[in-house]
Each structure stands twice: as C-alpha cells, then as structure tokens.
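Remarks on the overall topology
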Amino acid sequence: MPASHASHASATSAVSGDSRERSARAALDTVFDPELDEPITDLGFVRAVTVTPEGALTVRLRLPTSFCSPNFAYLMASDSKDALTALPWTREVVVVLDDHHDSDLINRGLAADAGYRGTFGAEAEKDLEELRLTFRRKAHTAAMERALTLVLRADPDLTEEDLHDVVLGDLPDAATSGALLRRREALGLGVAPTDPVLVDEDGRRYPLGEIPLRLRFARAVRVSIDGNAHFCRGLLRTRYPQSGADQSPRAGEPVPAGELVPAGELVPGRELLHLTAPPKENVS
C-alpha cells in the first residue's frame, strides 16, 4: 500500500476510534447510580474506555470505596454492559469493576451473563428490579420536591397547601422540571400538562391536610440523596486523586433558605458551611 494510502487509512481508523469512544461514553451517560440518581459519567465512576478497530469495547469502572453495596455495584456494571451492547458497532463488550471487595464475583457474573441471581446466588435476597424500583421512587420524590421548591420561591404568596392544585404545565421551563418528567416516565406516571405534580408513587394526589408533612418527608429524601452524592464524590477524589477531572459539576439545584451547603460545593450568594452527610444506604 502506498504511504499516502496507509496514512489515510490510519487517520480514518483514528477518527473512527475517537467517534466510537464518544459513542460509548454517551451510552454510559444513561447509566445512573441508583442511590445518588446521577450518571456514572458525571460522578467519575468511569475509569477508562478502550475501543479496538474491530469493535471490541472494554470499560473499567471504579467506586468511592471498596465496600460500596455489592448490589449497587452490580446494577451499575450490568446497566453499563447493557447500554454498551446496544450500540450497533460493538462486537464484544467487557465491563470490569476495579478495586471492589466483590470485583471477582461481579466480573465473573458479567462475563458469563449470569444475571443478578446467577451471580450472587442465595445472597441475592431482593430481586434487582425491586431494588431499582425502590430507588426510582426515591429519585421521583426528590425531583418533585426540587420542582415545587422553585414554584414556591417564584410566588411568595403561595402556601404549601396551594401546591395541591399545581399541575405539570405550571412548572417553570427549568432543568428541575425536565428531571421530574424523566423520573415520572421511569415510574409510568402521567406527564401530561394537566397532571398534578404533588403525587405519591402511584400518581395519586395527596390529601390537602397531609401536604406539609409530605413535603417535609420529600425534603428529607432529597437532602439524603444530595448529601450522599456530595459525600461519595469526595470519597472518590480521595481514593483516586486524579478522578476529580472526570467528575462533572452538579446541576444547579434549589437550596431552601436556611439549609446547609455541603463543603466543596459553591452556591452563589451563600456562605459555605459544612454538612456531615449520612453513609450510603446498604440494601441487601
């Protein structure tokens, strides 16, 4: 082959490889930490993506600690493999979880496509879909609270009880509204403009007298998720000092007046205070 043709072929291969890596990372953007409700790419959990010219794809994942809940770890690794296998150009997909106390077990299960119960056997007390549903419900509760907090801030005359009549079409054109719609869709809840915002996990409106209590509960869920997210981001940067470059800034979220802001996260116009985040919940 003439040198010019070889050079052209090499350049084409390189461009194709770059494009495929971008495609793989975009697919991983759709994989969420089930508890933190953030993409694993934003959290910095994707350690490396390697693509061969033949379409073999290897992705290495890392977590904030070696003892992160094995079911969370498996769910993220399994979802990653599913998302990558769906890409039309992949010929082989290998997902490897590094530095976890169950890495060998999880990696063997992924390689064999053994599934959750096939990987963990009798230890898999809860079905994976049941676990996923639990955290989808929590994510919806937190997203609902964020969206309604913006509604209350936009109109000082509104009371918490007034939120009973707020529908999706009343929400502002903001990231919080889009996030809420995505989480409603994941639960099979309505997303029509006339659908009420303040609902339970089955889409039922809360009774008027329960609204203050329900909002306080939703706020507690949201604070727990946000606190864990800040905590785990910091743990990852401590464990892998270079991982900060792979973490994306958290999307702007409303911080209710008087609420503490986790250390290391800047909110314009607010004094930076320290918040001790709770440990990650471990659901076996």
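Residues numbered from 1 in each chain as written. Predicted model: local features only at pLDDT ≥ 70, side-chain atom pairs only at ≥ 80, totals over all residues. Heavy atoms only, no water.

1. A few points about the state of the cysteines
Tallying each qualifying case throughout the model produces 0 disulfides. Looking at cysteine 68, it has no disulfide partner, and the nearest cysteine sulfur is the one in cysteine 232, 6.1 Å off. (Disulfide = S-S within 2.5 Å.)

2. Brief notes about the pairing of strand 4 (residues 56–61)
The side-chain alternation of strand 4 yields one buried face, formed by Leu57, Val59 and Leu61, and one unburied face, formed by Ala56, Thr58 and Arg60. Note that strand 3 (residues 46–51) and strand 4 share 5 bridges and pair antiparallel. By the bridge assignment, threonine 50 is partnered in strand 4 with threonine 58. Hairpin connection of strand 3 to strand 4: 4 residues between the antiparallel strands, including glycine 55 at a positive phi of 95°. Taken together, strand 4, helix 3 (residues 70–85) and strand 5 (residues 92–97) constitute a β-α-β crossover, and its handedness is right-handed. (Buried < 20%, exposed > 50% of the residue type's maximum accessible area, 1.4 Å probe, protein only. Helix = DSSP H or I, 4+ residues; strand = E, 2+ residues; numbered from the N terminus. Pairing = 2+ DSSP bridges. Right-handed = clockwise from strand over helix to strand, strands pointing away.)

3. Notes on the side chain of arginine 132
As for its placement among the helices and strands, arginine 132 is situated in helix 6 (residues 128–154). Residue classification places arginine 132 among the buried positions, given a relative accessible area of 15%. Here the side chain of arginine 132 touches glutamate 129 through a polar contact of 3.3 Å, side chain to side chain. In this structure arginine 132 touches Leu75 and Asp79, once residues within four positions along its chain are discounted. (Polar contact = N/O pair within 3.5 Å; in protein donor to acceptor, adjacent residues only side chain to side chain. Contact = heavy atoms within 4.5 Å.)

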